[in-house]
Structure formats: structure tokens, C-alpha cells
Amino acid sequence: MTVHDPTSAPPPAADTGRLSVADVQRRLAGRRGPEYWRSLEELAATPEFEELLHREFPRQASELPAGVDRRRFLQLMGASLALGGLTACTRQPLESIVPYVEQPESLVPGKPLYFATSLVQGGYATGLLAESHMGRPTKLEGNPDHPASLGATDLFAQASVLTLYDPERSQTVTHLGRISTWQAFLADARKALAALAAGPAGARIRVLTPPVSSPSLTAAIGRLLERYPAARWHQWEPAHRDAAREGSRAAFGEPLEARYDLARARVVVGLDTDFLTAGPGALRYARQFADRRRVRRGSDSMSRFYAAESSPTATGTMADHRLPVTARTLGLLAVALAAEVGVAGADAGGALGAREIAWARAAADALRRHRGQGLVVAGDCAPAAVHTLVHAINQQLGNVGRTVDYTAPVAGGEAPMAESFEELLTAMRAGEVDLLLALGVNPVYDAPADAGILEALYQVPRRVHLGLYRDETAEFSQWHVPAAHYLESWGDARAFDGTVSLQQPLIEPLYGGKSALELVAALADDQERDDRELVRDGCRALAPADGPFEPFWRRCLHDGVIAGTAFEPRSAVLDAAAATAAATALAAEPATDLELLFRPDPTVWDGSWANNAWLQECPKPLTKLTWDNALLVSPALAARLGLASEDEVTLTVDGRSLEAPVWVQPGHPDGAVTLHLGYGRKAAGRVGTGTGVNAHLLRTAATPWRAAGATITATGRRRPLASTQMHHNLGPDPIQGSNLEGREAERRHLVRVGTLEEFLHEPDFVHHAEHGPGDLSLHPDWEYDGHAWGLAVDLAACTGCNACVLACQAENNIPVVGKQQVAAGREMHWIRVDRYYQGELEDPTVHHQPVMCMHCEQAPCEVVCPVAATVHSDEGLNDMVYNRCVGTRYCSNNCPYKVRRFNFFKYNDTDTPVLKLLRNPDVTVRTRGVMEKCTYCVQRINYARGEAKREQRSIRDGEIRTACQQVCPSRAIVFGDINDPQSEVSRWKDEPTNYALLSELGTRPRTSYLAKITNPDPELEDEA
């Protein structure tokens, strides 16, 4: 094992095919790289990357090994055609269909029903509409009447339906590892409570829950505490928001929550925040932010966004000016920004570099010029002192009451969660707890490394766990009760603004699970009460005094929200000394050699979603990793240590060590490394167990988001990771005169970006670089007498959040393939979100581009299919006829956009009975040996056509919404009839920034893009 001195020259790379950052830097010395690039290999133009571009499929995705001769090729192809023909003629097994004896009046076969419900994460509710087919939910959409969703959802909501049908969910009550019953549990728990009640009023009883905002659950726990007044209720989650709450307590003397209105903000400054893709109000904020960034014909303004962050986020990619800094420097930057806008007591001194000072001055100037129309946002991982300064800055600039308001906290108790959790652990270690009710939490996995959770648990004689899975905490509990999924149970919770949202079940509990509300009420009331009645009681308490309750109740169930329950803004008076104290604390923080940062994972969050295969296989927005986490390091740090992506290192901090693979992340600040939470599970189910490394083993309660003084030691081993960033490359992007490796520049303009100034000067600037046949073609034009469907994507609005990827997967029965198959380039997603870097390796700008089937007018795939499995419809769709496909893959080879997916194996599980309930009955479930791709959700088109025909009318514009369009929080996607000049999609395509991908090939795609327009600050542009 070798330890490399960061100050020394990197050791020579071993000849293992690995590409180190030093190799990239040597190749780039004195040369100009591509303007847009996706990976280090592409930037360095390695021979491996060049070979990859010219292969039909990436790496092992093609079945023929290199060097196969013509004779062997013909043998294999003949066999594949013969087997394909046999498969096409195979008779499927018969399935019995049993009709209803008495069909429910509201149930019409083939016609889905929709019910309003809510997903609760971190204690905050997001309103949903659940689509139900014959009594089984299959798809979730956003509730347009809900203040937190506005009709959109995130990837977690889309994936939650898979968790509902997960066959590995806990299915039985267990006692000491043996199967028991709910009634036996109640009898034992009530006996224990009765014995403890004889003591000092239940002093030895503790309840541990995640953050709770549910009025019904709060009332039930309140009744339990009334019965046992000395009992205590604690709340805990690893991705807690303690810093934000304590920052507001220091600023205003009480904990408050900030609520933003980005629709009014002309200037936004973000400090270590991911407010567009994570957090309780992210869906609403993404909509508001994107609306202020849209540039259309006649527009002359857009908002400007400055972001400083210690770890790259999807929100940071949307910034006009992104500044990568360490966590310590971010605190000093907040002080400098406060000083620049005139906050008393803030003085940054000379601790910042020239670039940081210039950024702070430019952001402060923009904020001052737009007083009352600016906004400064701090993220949940930022220190409490940074939050205090942000409150002071917004007060100083007159933003409070305009772009930001303050309300009472929505979720969580009075004390910080870390403090409440430590109080519980202290009592447990002291032997002061005889009964612990752990409801929906997993502290054995996600407690801080210094908590000593197992030693504390062993001091509790009776431990009860309620959870969806028999997880790490369940294994150390005497009683385990399976939890009901939110789509199986009644409940309520508050949205980010305080609006009470209702949950209603779409299906009977598949495994007899119980909700936390049912369990607590059964113990508090000495009787089992239906959770529906408990929620009704909570709704009754919020109903108007004058008027009947039943119509009010039915209206609330229909809408999914209880109107008029949002928290009113509070008047917040800033403590004059708070900013001075915060600035002093940040300035006094000592420097460190290397910071270790912890962040919730973009796809599995804190580990609670670890057993969801859709989320595990969803490529992360920036790294494009799947099925793993990795230690993110900057290119500069990797070069100093002689590291490359997939090298294994030992990460040590405060005497604790962890072995993890490295991933070189462009744009990561030097002097810091990032490790995401949520991996390294030991009892998460077959999908989530054993993936990645457990970052919780290095976290401490005192500094949960940052550890100073980390060291990295190379182990000399490699740990393969599955990343999709090298898959489906369309060829070099705009190189603009590059002579890299002596190859000719290929001007393929994939993602197009311009500034607001360029747009105002010449709106048609995006088309100047186009060349090629354009609309010229030897093929006859298609004529469409009726509809002609098309789609457009606004790149300025896309945040890369991946909600569209998961929505498409849920809608179209797309299977997962596993880590090994992803590594071979065989992922099945019908939509991919390509991520492009622009600029320098250390600090590039990032752009996102969703790519689905282009539905070309002159489709290269159609002319090469020998069995007419891919055909052109009379409405312009490139249809796939699955039962014709024999798997030649000629269409994929001929597709320049690389959007077709081939079932190499039987990826869909057709044997597990419960998974059959998951699938959309309107979409074919494919087996092996057929080609798949985006269909513009043709099943939705057909459904709307049927409804319009039944009602004797034409299809309305906006009536059909593809799954990707409907889910998108920022409304970056629009779909409709391009034969209708008044349709929204026609108006988008008529914009001067509209362009087609690879238009020079003459394919005339129906999917087009609006170029990304940015609004850079001239002051910082001059500095650059």
C-alpha cells in the first residue's frame, strides 16, 4: 500500500487501461479541446473513445467479439433469424380471466380512475394523483391543486409505486425472529405499557419517529403522552434540516422556516443549495425559477442566478455563474456577501481569493440593483451561521415579504433532531428506557458513527420496530411490525407551506401492514380504531364550524388538500447582534487540508429508497453512476494523488476509515471530497443490500455534513463502477477548429447555448452553424390529413432531475437490468438525459439534454428493418410492432440518435405474481429479443382519441400529455399537434431558438430543442 504526498509529483500510472487526470492534462497540454464534452476520455480523445464512437454498441453491448470473420457472422445471424422466427410463433400460456359477479358501478375495465393522495418525505407532503386500473395503482402524477407539486412530481414519487409492489417488503409480524400476529403484538405491548404505567407515569417509555407534520399522528402521539405523561417523543432523520432551523433561531430568537417566491426574484444567489431538485418546495421552486428563465420571441429580460457550492449539484448547473469553493470558504463568502450589501458586523477581511471576492461583489451589486426583487438562499447542508447571515442579507435588501416569507416550522419537534436523538441515546445508555417504539426509522443504519447505537439498544429490554422492510434496526428489535405503504393507508401531513394534505389508500394492504397512526392509536386508546376514522377526526377539527361536515370531507378527499390550512407568514425581527456573531464564528473557523463532505444521494436519498431498483439504476445527474456511490474528487486532487476513476482508496477521518472507489468529478472544488449517503446497506433487501459504501460510518453528530482533516490513501486496487456517461455517444460535439490528436473537426451541434445578449442581438444565432441536406431528401414527403404529433424540449428549463426518466419507466413497463448489464451498455431507459460539460476541466459549465426517440420524418430505422417491425404511422410516429421484431438490430445500428434499446435477456420478471400488478395494462410487456424505444406514449394518444370520439369532438391542445411532459417540474417539455399552428408545441417550434438534433443528416426529427439561453453578468465575464 502506497501513500502519495499531495505536494509530490504523481507516480506513473500502471498500464491497466486506466485514464488518470494527469494523462488527460498531458494530452491537453498546448491543445484546444472540444467545446462540449461528456467524459474525460472524450476530452482527451483517447483511442478507446474513438473506437467506441465507431462501434454499433458500447463495449460489451454488442454480442459479437472483435475479430469475428464473415463465415462465423453469417452462421450467427442465420441462427438468430431462425430462433427469432420460432420465438415469434410461440404460443403464450393461457390465462384465465374471471369476470365480476357484481361489477362496482365506478369500475369500467380499460378506463383508469384517479384518486388524490400524498407522498410524505422528511415530514413534508407532496400532492399526487394516483392512477388506478381495476383497483391497483400503476402510475402517479402530480396534483395540480396541491401547492407543493403544481401537477409535477420528482423521481421518488414516480418510483414509490415500485416500492408498493416490492415482493421483499416485510410481510409478517415477527417476535424474536419468529412469525407472530398483530393481536399478539398488541397484547404484549399493552401488558408492557400497563407494567410501566405503575411506575412514574411511563417515564421509561420512548417513541422515535421521523419528522412528523401529520395532525392525526401528532394527536395520537399526544394522547399516548397524556396517558403516560413522563414518556418522551423523539424525532430523527439523517438528512435533517437542523442547521436551517438553528440559523433562524439565532437570527430571530425562534425557529422559523423560509418560504420563497422565485416568481418575483430577478436575481437569485444560492449558497450550497440544491433548492431546484431537493427539499420540500423543490417542485414549486423549479416551476417558478424556470418561468423566469424562459426566453421567447419578444423577451428582453430573464433572471440571473449566482451559485457557490462545495459539492456539485443539479441546481448549480443552472447557474449563470457557478463558483466551486470548499465548505470553509463558502462561510467566508457568505460573510463577504453580507459585508458587500451593508449588513452591520460583517467583514470578510482578506481571507478570500480574487475570484471569490469578484464573485461576491458582482452578486452583491446585482442584489442591490434589484432591491426587493432579489433572493439569497442557503442549503440544508450549509452551517447555521451561513443561514443566519442569509436572513440578515434578505432583511437588509428588503426581500422579506416579497421574495421570502417566514412561517412556523412544518415538521419536527421543538428541539433540533440531532439534540433530541442524542437525548434518547443518553437515556438508553443509562438504562432509563424499558420500551422503545421505533416507527418508520432505521437508526442502526443511519445513526452517527459516534452515537454507539447498538450499545444503547442493548440496554433497552423491549424494542418495537415498524417499517416497510425487515431492515438493520428490525434485526435488533424483539418485535417487528410490517408497515403499510402510503398507497395502502389513510393519513395526512402538511406541505412545505403548511397546507394539510390527505392520504387515501388505493389498494388493500398487500401484506397486512399497519401505519404508524394505527399502531400509536391502538396503544394510546386501548382499542383498535380504523385509520380512516382517525383522519376524519383530524379533518373535522379543521372543518368550518358552520356547515355540514360530509360535503366538506368529500371535497377534501377529491382535492387532496384541506383549503385554508397554509401557515400565515410571521413577522420576523432580526437580532442586531446575530449577524456579527455568525460572521465572527465563520471567520474564526480554522483552515484544513482536506474536507470530507456528506450529501444525500440524488437517487436513493438517505438509504430509505435503497431497495428500489428503478432508483438504483437511474443515472445520477452529474456522475451518471448507477448502483453505487463513490468518493467524488476534483481533477486537481486526483492529479496530485495519481488517482483515476474507479481506483480504490482508504478514506480516514477522526480515526475512522472506509474503503471506497474514486470518481473524478469535473467542477468539484479542490480541497474537498464528497461521499453520498444511502449506500452500504446490510439489510435492505436483495436489491439494496451490498451496494456502495456506508458514509454514515464516518459522520458525527456534531458535524453531520462536513468532516475536517480527511486523508486519502490509495490501496492499489480497482473497484469497477457502472456509469452511463460513455454510453450512446453521438459523436464529437462542436469542436470548432480543434486539431486534437490531428483529427478533422466534426461539427455536430448537439447542445446549443447562447447568452441573452446574443439572443437580443440576433435571435436566430443557433442556426448559423447548421449545414447538410436539411429538408432535402430523395424520399417522398409524408402527408398528414389529421394530426401530426411532435415534441419540443426547452434546454433552458431542464435541471437534469431525472423525473422524466422514472416517469417513462413507470408508464411504459421498462425493466431494470442490473449493474453488470448497465456496465455493458445495456440499460433499457427510453429517455436518457445527456450531460455536457463546457469549458475548463476544473470548473466547467454543465448543460442537460433529454434525448428520446426523435420520430424522424425520414427515419433511418424504417428503411432497414427486414420484417417491417418499425413503421411510419399516419400521424408521424415511428411505431414499433413488437411481435414482428426478430432482433436483427439493424434499426439501432442505423439510428444516429442511439435511442433504441434491445432486450438481450429476459429483463422483465413475469413470474413474481405481485409484480404483475405493477404494470400498465395499456402497454405491452416485452420479453427478450425485441427492440424498444420511446413511442410518444402512444397509449395516451389512443386513449384521448377514444374519449374525443365518444364525446364527438376533436382532441384539444394539451389534452394529451406524455409521461415525461406531465412529470416535469420546470415544464421543459411540451407535446402536441404540429399541424395545429395554434398549439403550444407549434409555438415553441416557431421560436428562433428552436433546432433539431443532427439536422445536417436530413432525418427531419419531430423532436426538437430550444437552445439554452444564459444571462451572464458582464462584470464577471470581463473578469474571466
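Residues numbered from 1 in each chain as written. Predicted model: local features only at pLDDT ≥ 70, side-chain atom pairs only at ≥ 80, totals over all residues. Heavy atoms only, no water.

### Brief notes about the overall build of the protein
Next up, step 1: From N to C terminus, the protein includes 30 helices and 40 strands.
Next up, step 2: When the 1024 residues of the protein are sorted by exposure, 61% land in the buried category.
Next up, step 3: Once local pairs closer than 6 in sequence are excluded, the contacts in the protein between residues at least 24 apart make up 75%.
Next up, step 4: Summing over all exposed atoms, the protein offers an accessible surface of approximately 39700 Å²; the carbon and sulfur share of this is 51%. (Helix = DSSP H or I, 4+ residues; strand = E, 2+ residues; numbered from the N terminus. Buried < 20%, exposed > 50% of the residue type's maximum accessible area, 1.4 Å probe, protein only. Contact = heavy atoms within 4.5 Å. Areas by Shrake-Rupley, 256 points an atom, 1.4 Å probe, with all protein chains shown as cover.)

### Regarding the side chain of Glu 991
Next up, step 1: If you trace the backbone, Glu 991 turns up in the loop between helix H29 (984–989) and strand S38 (994–996).
Next up, step 2: Although Glu 991 is buried, it makes no salt bridge; Arg 297 carries the closest opposite charge, 4.3 Å away.
Next up, step 3: Excluding its chain neighbours within four sequence positions, the residues that come into contact with Glu 991 are Arg 296, Arg 297 and Leu 1010. (Lys, Arg positive; Asp, Glu negative; His and termini not counted. Salt bridge = Lys/Arg side-chain N within 4 Å of Asp/Glu carboxyl O.)

### Thoughts on the sheet that holds strand S12 (residues 321–324)
Next up, step 1: Taken in spatial order, the four strands line up as S12-S11-S10-S13 in an open sheet, and their pairing is parallel. Both edges of this open sheet fall to S12 and strand S13 (374–378), since each of them pairs with a single strand only. On average, each strand axis in the sheet is inclined to that of its neighbour by 10°, with strand direction left out of account.
Next up, step 2: Examined bridge by bridge, strand S10 (residues 267–271) and strand S11 (residues 304–309) share five bridges and lie parallel to one another. Bridging from a neighbouring strand, Val 269 pairs with Tyr 306 of S11.
Next up, step 3: Relative to the sheet, helix H12 (residues 384–396) contacts S10 and S13, its axis offset from that of S13 by approximately 170°. (Pairing = 2+ DSSP bridges. Axes fitted to C-alpha atoms, helices over the stretch in contact; angles between N-to-C directions.)

### Let's talk about the sheet that holds strand S27 (residues 711–718)
Next up, step 1: Spatial strand order, S26-S20-S25-S22-S24-S23-S27: seven strands in an open sheet with mixed pairing. Of all the strands in the sheet, just strand S26 (706–708) and S27 have a single pairing partner and so form its edges. This sheet shows a mean twist of 30° between the axes of neighbouring strands, independent of strand direction.
Next up, step 2: Sheet topology note: the strand S23 (residues 647–653)/strand S24 (residues 656–664) ladder contains six bridges and is antiparallel. What sits directly across from Thr 650, in S24, is Glu 659.

### Looking at the environment of Phe 552
Next up, step 1: With respect to the helices and strands, the residue Phe 552 is situated in helix H18 (residues 549–559).
Next up, step 2: In this structure Phe 552 comes out as buried when scored by relative accessible area, which is 18%.
Next up, step 3: Along the primary structure Phe 552 and Arg 540 are separated by 12 residues, whereas in three dimensions their C-alpha atoms are 8.8 Å apart.

### Some details on the pairing of strand S8 (residues 232–235)
Next up, step 1: Bridging between strand S7 (residues 205–209) and S8 involves four bridges; their strand directions are parallel. Counted as the bridge partner of Thr 209 is Gln 235 from S8.
Next up, step 2: What joins S7 to S8 is helix H7 (residues 215–227), and the crossover it makes is right-handed. (Right-handed = clockwise from strand over helix to strand, strands pointing away.)

### With respect to the packing of aromatic side chains
Next up, step 1: Tallying each qualifying case throughout the model produces 21 aromatic pairs.
Next up, step 2: Each ring, one from Tyr 936 and one from Phe 975, has its centre 5.3 Å from the other, and the planes form 65°; the classification is edge-to-face. Separated by 39 residues along the polypeptide, Tyr 936 in the loop between strand S36 (931–932) and helix H27 (938–950) and Phe 975 in strand S37 (residues 973–977) bring together distant segments of the chain. Side by side, Tyr 936 and Phe 975 carry an identical accessibility label, which is buried. (Phe/Tyr/Trp six-rings, centres within 6.5 Å; stacked < 30°, edge-to-face > 60°.)

### Considerations on the confidence of the model for the protein
Next up, step 1: Per-residue confidence for the protein gives a mean pLDDT of 87; residues scoring 70 or more make up 87%.
Next up, step 2: For the stretch residues 732–747, pLDDT sits under 50, and the model shows 49 contacts to residues farther than four places along the chain or on other chains. (pLDDT = per-residue confidence, 0-100.)

### Concerning the pattern of salt bridges
Next up, step 1: Enumeration according to the criterion identifies 53 salt bridges in this entry.
Next up, step 2: Linking Asp 843 and Arg 322 is a salt bridge whose minimum nitrogen-to-oxygen distance equals 3.7 Å. Of this pair, Asp 843 sits in the loop between strand S31 (832–838) and strand S32 (845–851) while Arg 322 sits in strand S12, and the two are 521 residues apart along the sequence.
Next up, step 3: Several salt bridges share partner residues, and in doing so they unite Asp 291, Arg 294, Arg 296, Asp 794 and Arg 971 into one network.

### Considerations on the nonpolar core
Looking at soluble globular proteins, one finds that nonpolar side chains tend to be buried together.
Next up, step 1: Ranked by size, the top nonpolar core spans 131 residues in total, and within it Leu 596, Leu 631 and Ile 712 carry the most contacts.
Next up, step 2: Beyond its immediate stretch of four places on either side in the chain, Ile 712 contacts Leu 594, Leu 631, Leu 637, Leu 641, Leu 643, Val 649, Thr 650, Leu 651 and Val 673.
Next up, step 3: Residues Val 207, Leu 217, Leu 534 and Cys 539 belong to the second largest nonpolar core, which totals 44 residues. (Core = buried A, V, L, I, M, F, W, Y, C linked by side-chain atoms within 4.5 Å.)

### A short note on the pairing of S24
Next up, step 1: In this structure, strand S22 (residues 631–633) lies alongside S24, joined through three bridges in parallel fashion. Note on S24: the bridge partner recorded for Leu 631 is Val 662.
Next up, step 2: With antiparallel pairing between neighbouring strands as the criterion, S23 and S24 make up a hairpin whose turn holds two residues, including Asp 654 at a positive phi of roughly 55°.

### Some remarks on the packing of H12 against helix H19 (residues 578–587)
Next up, step 1: Between H12 and H19, the shortest axis-to-axis distance is 9 Å and the interhelical angle comes to 140°. One element, H12, and the other, H19, form an angle in the oblique class. Regarding H12 and H19, the two cross each other, and that crossing is left-handed. From H12, Ala 385, Val 386, Thr 388, Leu 389 and Ala 392 reach across to H19, where they touch Ala 578, Ala 579, Ala 582, Ala 583 and Leu 586.
Next up, step 2: Residue composition of the contact of H12 with H19, by class: nine nonpolar, one polar and no charged. (Parallel < 35°, antiparallel > 145°, perpendicular 65-115°, else oblique. Left-handed = near helix turned anticlockwise from the far one by under 90°. Nonpolar A, V, L, I, M, F, W, Y, C, P; charged D, E, K, R; others polar.)

### Some remarks on the side chain of His 133
Next up, step 1: Here His 133 shows up in strand S3 (residues 124–133).
Next up, step 2: Here the side chain of His 133 touches Glu 131 through a polar contact of 2.6 Å, side chain to side chain.
Next up, step 3: Setting aside its immediate chain neighbours within four residues, His 133 contacts Pro 112, Thr 138, Asn 920, Pro 921 and Asp 922. (Polar contact = N/O pair within 3.5 Å; in protein donor to acceptor, adjacent residues only side chain to side chain.)

### Describing the packing of helix H17 (residues 531–542) against H18
Next up, step 1: Where H17 contacts H18, the axes come no closer than 11 Å and their chain directions differ by 110°. Considering their axes alone, H17 and H18 lie roughly perpendicular with respect to each other. Each of Arg 532, Val 535, Arg 536, Cys 539, Arg 540 and Leu 542 in H17 lies in contact with H18, whose residues at this interface are Phe 549, Glu 550, Phe 552, Trp 553 and Cys 556.
Next up, step 2: When the residues that make up the contact of H17 with H18 are grouped by side-chain class, the tally is seven nonpolar, no polar and four charged.

### Some thoughts on helix H11 (residues 354–369)
Next up, step 1: Compared with the 22 Å implied by 1.5 Å per residue over 16 residues, the 23 Å span of H11 between its first and last C-alpha is a close match.
Next up, step 2: Regarding H11, the residues found buried are Glu 356, Ala 358, Trp 359, Ala 360, Ala 362, Ala 363, Ala 364, Ala 366 and Leu 367. (Expected span 1.5 Å × (residues − 1).)

### Quick word on helix H16 (residues 516–524)
Next up, step 1: Among the nine residues in H16, eight count as buried, and that is most of the element.
Next up, step 2: For H16, the full list of buried residues reads Leu 517, Glu 518, Leu 519, Val 520, Ala 521, Ala 522, Leu 523 and Ala 524.
Next up, step 3: On its buried side, H16 packs onto helix H6 (182–197), H7, strand S15 (435–439), strand S16 (462–467), strand S17 (479–482) and H17.
Next up, step 4: Phi for Asp 526, located one or two positions after H16, is positive at around 60°.

### With respect to unusual backbone geometry
Next up, step 1: Here the phi dihedral of Leu 150 falls at roughly 55°; this positive angle occurs in a residue that is not glycine.
Next up, step 2: Mapped onto the secondary structure, Leu 150 falls in the loop between strand S4 (136–142) and helix H5 (155–164).
Next up, step 3: The phi angle at Ala 868 is positive, at roughly 55°, despite the residue not being glycine.
Next up, step 4: Of the residues examined, Ala 868 reaches a relative accessible area of 34% and is grouped as partly exposed.

### Remarks on the environment of Gly 401
Next up, step 1: With respect to the helices and strands, the residue Gly 401 is situated in the loop between H12 and strand S14 (404–407).
Next up, step 2: Distance from Gly 401 to Tyr 260, taken between C-alpha atoms, is 9.6 Å for residues 141 residues apart in sequence.

### Considering the state of the cysteines
Next up, step 1: This structure, assessed with the given rule, holds zero disulfides.
Next up, step 2: The structure places no disulfide on Cys 856, whose sulfur is separated from the nearest cysteine sulfur, that of Cys 853, by 6.5 Å.
Next up, step 3: In this structure Cys 934 is not part of a disulfide, and its nearest cysteine sulfur, from Cys 853, lies 5.5 Å away.
Next up, step 4: Residue class for Cys 934 comes out buried when judged on its relative accessible area of 8%. (Disulfide = S-S within 2.5 Å.)

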